Amino acid sequence: MKTLYRYSSICIAIAVSFGISANARTVSALELSPARLVDLSSFDADADADANGSGSGWDGDANGTESDNGITDEDGSARAVGSNDEMDDEDDREDDDIEDDSEDDELDSLLNMADNDVGKLSSVNVSRQATIAPALNTEVTTVNRQKSTIGRSPAAVFVISNDMIQRSGARTVPDLLRMAPGVQVSRIDASKWAVSIRGSNGRFANKLLIQIDGRSVYTPLFGGTFWDVQDVLFEDVERIEIVRGPGATVWGANAMNGVINVITKDAKSTHGTFVEVGAGTEERGFTSARHGWQTDGGVDMRVFGKWFERDEASLPGGQAHDDWRMQRGGFRADYQPDKTSHLTVQGDIYGGDSGSENIVPSLTVPPSRSVIEDSDAEGWNGLLRYSQTLSDDNQWSVQAYFDRTDRQFEQLGFGEKRDTIDLDFQHQFRIGETHSVVWGAGYRNSKDEINNSPDFLEFDPDRRAVDLFSYFAQDEITLLEDRLYLTLGSKFTHSDYTPFEIQPTVRMLWTPTERQSIWASYSRAVRSPTRVGDDVTVTLKPTPATGGAFPLFVGDRGFAAENLDAWEIGMRAQPSQEFSWDATAFYFDYDDLQSVSQGAPYLDGANVFIPLTIGNSGEGRSYGYELASNLTLTEDWRLYGAYTLLFEELAAGGTNINGSPRNQLYLQSSFNLTESTNLDVVWRYMDSLAALGVSNYDTMDVRYAWRPNQHWELALVGRNLLQPEHKEFGDDGFTGNVATFVQREFYGMASLRF
């Protein structure tokens, strides 16, 4: 007795294998009644899209997790198809149809069966692009704040899938980002990174917006991200979307050079238990656990916890003092009372400490001193999101979150506490057949309380609350159906720092075939002022160039927003099932960049000070080229590569101007040795950062994994293998943080899923 599920699976498998046949027909009528849709994402996204480096994995069960197969509801939950009698009747009709059409072509007979006599089959549109060019069909939401695909996105976008995360061997979010083209990642010490997109990199890089499940995690203190407290359970990450280039039209301030959005799985997709433990030469120990279930009331839940302790790095001629430990816990609940509504509630709590050495000024002899610091960081956050689908082309959502952070440097005498409240609304709808509109509004209030460190790092006032109001609208216009699209939009913001700011964009997308898309764009973006730009006073240690005087870095309440005009052009293609590539060229023109102007030296007591006042006289440009490519050599062996070429011409005297390499290259080989073992090898190269005293380097990571059964996975990982140690970034001139060397390391881990 054959079932409807079997025939549906046969139709899909044959359609994928033959590319929807030579006559270019589109498969339709392959789902149950509107209340019982077939979720095709489980067939193409997991198995096909990531075969080209941008889907959700090599194999849905590669890590022992359950695949989503068979007939599903619109919400993705499995359910039976009618009663047994109904299934028998339907099966009998299907058997008759197959016999009647036995002389026809096999593919046509199955398609006709689906069209004619199954009765309850409706229409699922399996597009040609989903099967012919799966690399272009990977889902993304960050580009336009609505569901789309890579092939339909007029922007430089890259997706890191869960399978890519698991096979990378990385233990931190910044290390995961190294695989993306156009992203600069350098480790400063064991718990600090410099991360940026398309230049302007440094520990306090301030032109990049980071989000975790729609919650912005950049700090208004300096406009960047404290990476040591940005962590998630990697097992529960669905994907990481990286948009290179301005995303300010829909995301606003700080989305100047790009947006990184970490998206975790719906709680419905994480039922069951996951546990991992591991340790190694640098990883003193780590463990994570998560349990997911559904309540009697239909609410999908998960709770998780994780802990790690990392050894200090290396410092030639001394001790690094940068050991790091952190613990974190959290939950997520998803509830769908009906097919059109979705409520999400989630939260995290964390705490830990990290060591560092800081060379800071001293107003007595000698003029500088070394401070060994164990800084404490803790916080918690909560998010609520509700979405309503009125129709296929009409949806709205509202989101609210609260975020509390507390960071204290006891030895330095500095600390910051911050509370942030954020509200966001967006609405998507269509006007006629050619206009897809999304608009929205947001409000954010961020309030801080700072403990000043006299004669080193001070803010005036030491408490401040800032309001930010934002609005956006964007229209995607179909000029030629399935071929040519024009996107127009703008973001409008005003805050306590700046007056009304307008950030428009114009984007054009051309898809000449199902295997190609070509796009071009112009955007204008701003980077809003922060507490550092307005209110800070930092006393820097004397240098030979200052003749023993103390430079005094001083904020200015007149500091305005930085501006960027960006031009981009890109093309992506999948000429065959085995090969795909994505290339982008860009030109960024900056104006009103943060700069420093030197004032007249003055004497205060026994010390001479040289004021360096922040201003907006900086300007410059950056331009370059980015390429990503995927090649499937065999069913079990796939290669991925990414190359970035970056030129920066920024005015001297600015900030974050020497932290980005000219060339960087990333290559990865992923090989399934057997059905239960796989081997991943990563090689990467970074050019030198001459101004920071960092030489060029190349290094290699290797991960070997064995799955003795569907529940267990054992893995051995070696990282930074080509040299005992190497330096990736320079010392921080503002806080005096001493950069350490990255060491060769090995660790082992065991994972259990049930």
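The structure displayed is predicted, hence computed values, not measured ones.

Engineer: Now, about the overall build of the chain: what can you tell me, with residues and values included?
Structural biologist: Counting its secondary structure elements, the chain contains 9 helices and 37 strands. Across the 754 residues of the chain, 57% fall into the buried class. Summing over all exposed atoms, the chain offers an accessible surface of approximately 29,800 Å²; the carbon and sulfur share of this is 54%.

Engineer: Help me get a handle on the pairing of strand 23 (residues 516-527), residues and values and all.
Structural biologist: Where strand 22 (residues 501-510) and strand 23 come together, 6 bridges link them in antiparallel fashion. Among the inter-strand pairings, Met508 is bridged to a residue of strand 23, identified as Ala520. Taking the residues that link successive antiparallel strands as the turn, the strand 22-strand 23 hairpin has 5 residues. In terms of strand pairing, strand 23 meets strand 26 (residues 562-576) through 12 bridges, oriented antiparallel. From the neighbouring strand, Trp519 faces strand 26, where its bridge partner is Gly570.

Engineer: Summarise a negative patch on the surface; cite the residues concerned and give the values.
Structural biologist: On the surface, a cluster of negative charge is contributed by Asp392, Asp393, Glu433, Glu481 and Asp482. The class of Asp392 is exposed, set by a relative accessible area of 72%.

Engineer: Help me get a handle on the pairing of strand 11 (residues 283-294), residues and values and all.
Structural biologist: Judged from the 7 bridges that link them, strand 10 (residues 272-280) and strand 11 form a sheet pairing that is antiparallel. Looking at the pairing, Val277 lines up with Thr287 of strand 11. Between strand 10 and strand 11, which pair antiparallel one after the other, the connecting turn spans 2 residues. Pairing between strand 11 and strand 12 (residues 300-310): 11 bridges, direction antiparallel. Considered in strand 12, the bridge of Gly292 is made with Arg302.

Engineer: Please provide a residue-by-residue account of the nonpolar core, values included.
Structural biologist: By size, the foremost hydrophobic cluster in this structure holds 62 residues, and its most contacted members are Leu177, Ile240 and Ile242. With sequence-adjacent residues up to four places away left out, Ile240 is seen in contact with Phe158, Val159, Ile160, Ile165, Leu176, Leu177, Ile260, Asn261 and Val262.

Engineer: Describe in detail the pattern of salt bridges, supporting the description with residues and values.
Structural biologist: A full pass over the atoms with the stated rule returns 47 salt bridges. Across the salt bridge formed by Asp189 and Lys192, the nearest N and O atoms sit 3.2 Å from each other. In this structure Asp189 comes out as buried when scored by relative accessible area, which is 1%. The salt bridge partner of Glu626 is Arg198, with a shortest N-O separation of 2.8 Å. Pair noted here: Glu626 is in strand 29 (residues 607-634) and Arg198 is in the loop between strand 5 (192-197) and strand 6 (209-212), with a separation of 428 residues, a long-range link. Take Arg198: its relative accessible area is 1%, and that puts it in the buried class.

Engineer: So what's going on with the side chain of Arg572? Residues and values would help.
Structural biologist: Note that Arg572 resides in strand 26. Owing to a relative accessible area of 1%, Arg572 belongs among the buried residues under this scheme. A distance of 2.7 Å separates a polar atom in the side chain of Arg572 from the backbone oxygen of Ala155. At 3.0 Å, the side chain of Arg572 and the side chain of Asp582 are in polar contact.

Engineer: Give me the lowdown on the sheet that holds strand 6, citing residues and values where you can.
Structural biologist: As summarised here, the arrangement of the 5 strands in space is 3-8-9-6-7, forming an open sheet in which the pairing is mixed. Bordering the open sheet on either side are strand 3 (156-161) and strand 7 (215-216), each of which pairs with just one other strand. Pairing of strand 6 with strand 9 (residues 258-264), which is carried by 4 bridges, proceeds in the parallel orientation. By the bridge assignment, Leu209 is partnered in strand 9 with Val259.

Engineer: Hey, could you go over the environment of Lys306 for me, with residue numbers and the actual values?
Structural biologist: Among the secondary structure elements, Lys306 is positioned in strand 12. The exposure class assigned to Lys306 is buried, which follows from its relative accessible area of 10%. Counting along the chain gives 29 residues from Lys306 to Val277, while the straight-line C-alpha distance between them is 9.8 Å. With residues near it in sequence (within four places) discarded, Lys306 still touches Asp231, Val232, Leu233, Thr287, Ser288, Met326, Gln327 and Arg328. Among the polar contacts listed, one links the side chain of Lys306 to the side chain of Asp231, at a separation of 3.2 Å. Within the local environment of Lys306, its side chain forms a polar contact with the backbone oxygen of Val232, the two atoms lying 3.0 Å apart.

Engineer: Give a detailed account of the packing of aromatic side chains, specifying residues and quantitative values.
Structural biologist: Enumeration according to the criterion identifies 25 aromatic pairs in this entry. Here the aromatic rings of Trp637 and Phe671 are separated by 5.7 Å at their centres, their planes lie at 50°, and the arrangement is tilted. Taken as a pair, Trp637 in strand 30 (residues 637-650) and Phe671 in strand 31 (residues 663-672) lie far apart in primary sequence, 34 residues in all. Following the ring pairs from residue to residue traces out a cluster consisting of Tyr522, Trp567, Tyr587, Tyr623 and Phe647. Over the ring of Trp251 we find Arg145; its NZ or CZ atom is 4.5 Å from the centre of that ring. Sitting above the plane of the Tyr485 ring, Arg152 keeps its charged end 3.8 Å from the centroid.

Engineer: Give a description of unusual backbone geometry that names residues and reports values.
Structural biologist: Going from Val365 to Pro366, the amide bond is cis rather than trans, its omega being -5°. Within the fold, Pro366 resides in the loop between strand 14 (341-361) and strand 15 (368-391). Of note in this structure, Asp213 is not a glycine but carries a positive phi near 55°. Tracing the sequence through the fold places Asp213 in the loop between strand 6 and strand 7. In this structure, His321 is a non-glycine residue whose phi angle is positive, near 60°. Mapped onto the elements of the fold, His321 is located in the loop between strand 12 and strand 13 (324-335). Here His321 falls in the partly exposed class, since its relative accessible area comes to 21%.

About the cut-offs
Residues numbered from 1 in each chain as written. Predicted model: local features only at pLDDT ≥ 70, side-chain atom pairs only at ≥ 80, totals over all residues. Heavy atoms only, no water. Helix = DSSP H or I, 4+ residues; strand = E, 2+ residues; numbered from the N terminus. Buried < 20%, exposed > 50% of the residue type's maximum accessible area, 1.4 Å probe, protein only. Areas by Shrake-Rupley, 256 points an atom, 1.4 Å probe, with all protein chains shown as cover. Pairing = 2+ DSSP bridges. Patch = residues over 30% accessible without salt bridge, like charges linked within 9 Å, V, L, I, M, F, W, Y side chains within 5 Å. Salt bridge = Lys/Arg side-chain N within 4 Å of Asp/Glu carboxyl O. Lys, Arg positive; Asp, Glu negative; His and termini not counted. Charge placed at Lys NZ, Arg CZ, Asp CG, Glu CD. Core = buried A, V, L, I, M, F, W, Y, C linked by side-chain atoms within 4.5 Å. Contact = heavy atoms within 4.5 Å. Polar contact = N/O pair within 3.5 Å; in protein donor to acceptor, adjacent residues only side chain to side chain. Phe/Tyr/Trp six-rings, centres within 6.5 Å; stacked < 30°, edge-to-face > 60°. Lys NZ or Arg CZ within 6 Å of the ring centre and 35° of its normal.

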